[in-house]
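Remarks on the overall topology
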Amino acid sequence: MERVLRRIAVEIVERNKGLERVILLGIQRRGVYLAARLREMLREAEKVKVPSGELDITLYRDDISVLSDQPVVHSTSVPGDITGKKVVLVDDVLFTGRTVRAALDAITDLGRPERVQLAVLVDRGHRELPIAADYVGKTVPTSRSENVEVRVKELDGEDRVVICERTGGTESGVEA
C-alpha cells in the first residue's frame, strides 16, 4: 500500500507541475487516512506542506434512503477556499462512480476549483456513471458478487486490501 501511495504522490506532483494550489480532500472514511498519508509523503519528498481536508458526502448520495434510517454523518473540514485550487479527491475504492458524483456535488457547494482530480487506491470497475480516476493504485477486476475491502491501520489496525464474496444485500452494491 505504501509503495502504491508513493507512486500516486509522484504522479500528483508531475501532473500538476508541482504542488502550487493543490489541495487534498479525503472522502470519508478511509479516503481521509489515505489523503493524510499522501500529504505526509508529499511533505517528505517535496518539502511542501500540502493543505488537506475531509469531505463527507453522506447527504449528497443518491442512495441515502437505502443506506439506513439514520445515516452516519462524518465531518467535512476544508482548508480554506477551494476556488481556483487544484483539488485532488482521495478515496479507497472506485466502483460505480456514485460516491465520486456525490463528492463533486459537495465540492460545488464549497467553491469553484480550477480542476478536480481523483486518486483511488483500487479501481474495481463496474462503473454506472462516466467517471474515471486520474491516479489509480491498482486496477482489480472483480465480479459484482465480490466486495473489495480496504483496511487501513489507523482505523482497522492493518493495511490490507481484501476481495471477498458479498454476503446478502443488493447486487448493485454500495461503495465504501
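Residues numbered from 1 in each chain as written. Predicted model: local features only at pLDDT ≥ 70, side-chain atom pairs only at ≥ 80, totals over all residues. Heavy atoms only, no water.

Quick look at the packing of aromatic side chains
What counts is decided by this rule: Here a pair means two rings of Phe, Tyr or Trp (six-membered ring of Trp) with centres within 6.5 Å. Their orientation is stacked below 30 degrees between planes, edge-to-face above 60, and tilted elsewhere. Placement of a positive charge over a ring is assigned whenever Lys NZ or Arg CZ falls within 6 Å of the ring centre and within 35 degrees of the normal to the ring plane.
Throughout the structure, instances matching the rule amount to zero aromatic pairs. The ring of F95 carries the charged tip of R124 above its face, separated from the ring centre by 3.9 Å.

With respect to the side chain of N16
Heads up, the rule is: Only DSSP runs of H or I reaching four residues or more are called helices, and only runs of E reaching two or more are called strands; each is numbered from the N terminus. Definition of a polar contact: a pair of N or O atoms within 3.5 Å, with one able to donate and the other able to accept a hydrogen when the atoms are protein atoms, and with sequence-neighbouring residues admitted only if both atoms are side-chain atoms. Contacts: residue pairs with any heavy atoms within 4.5 Å of one another.
Within the secondary structure layout, N16 lies in the loop between α1 (2–15) and β1 (22–27). One polar contact links N16 to Q117, side chain to side chain, over a distance of 3.1 Å. If sequence neighbours within four positions are ignored, N16 has contacts with V22, K86, R115, Q117 and Y135.

A few points about the pattern of salt bridges
The condition is simple: What makes a salt bridge here is a side-chain nitrogen of Lys or Arg within 4 Å of a carboxyl oxygen of Asp or Glu, nothing more. Whether a residue is buried, partly exposed or exposed follows from its accessible area with a 1.4 Å probe, protein chains only, as a fraction of its type maximum: under 20%, in between, or over 50%, in that order.
In this structure the tally under the stated criterion is 17 salt bridges. The partner of R7 in a salt bridge is E11, and the shortest N-O contact between them spans 3.3 Å. Pair noted here: R7 and E11 are both in helix α1, with a separation of four residues, about one helical turn. E158 serves as the salt-bridge partner of R151, at 3.3 Å between the closest nitrogen and oxygen. Accessibility expressed as a relative area gives 29% for E158, which makes it partly exposed.

None of the figures reported here should be taken as evidence of function without further support.
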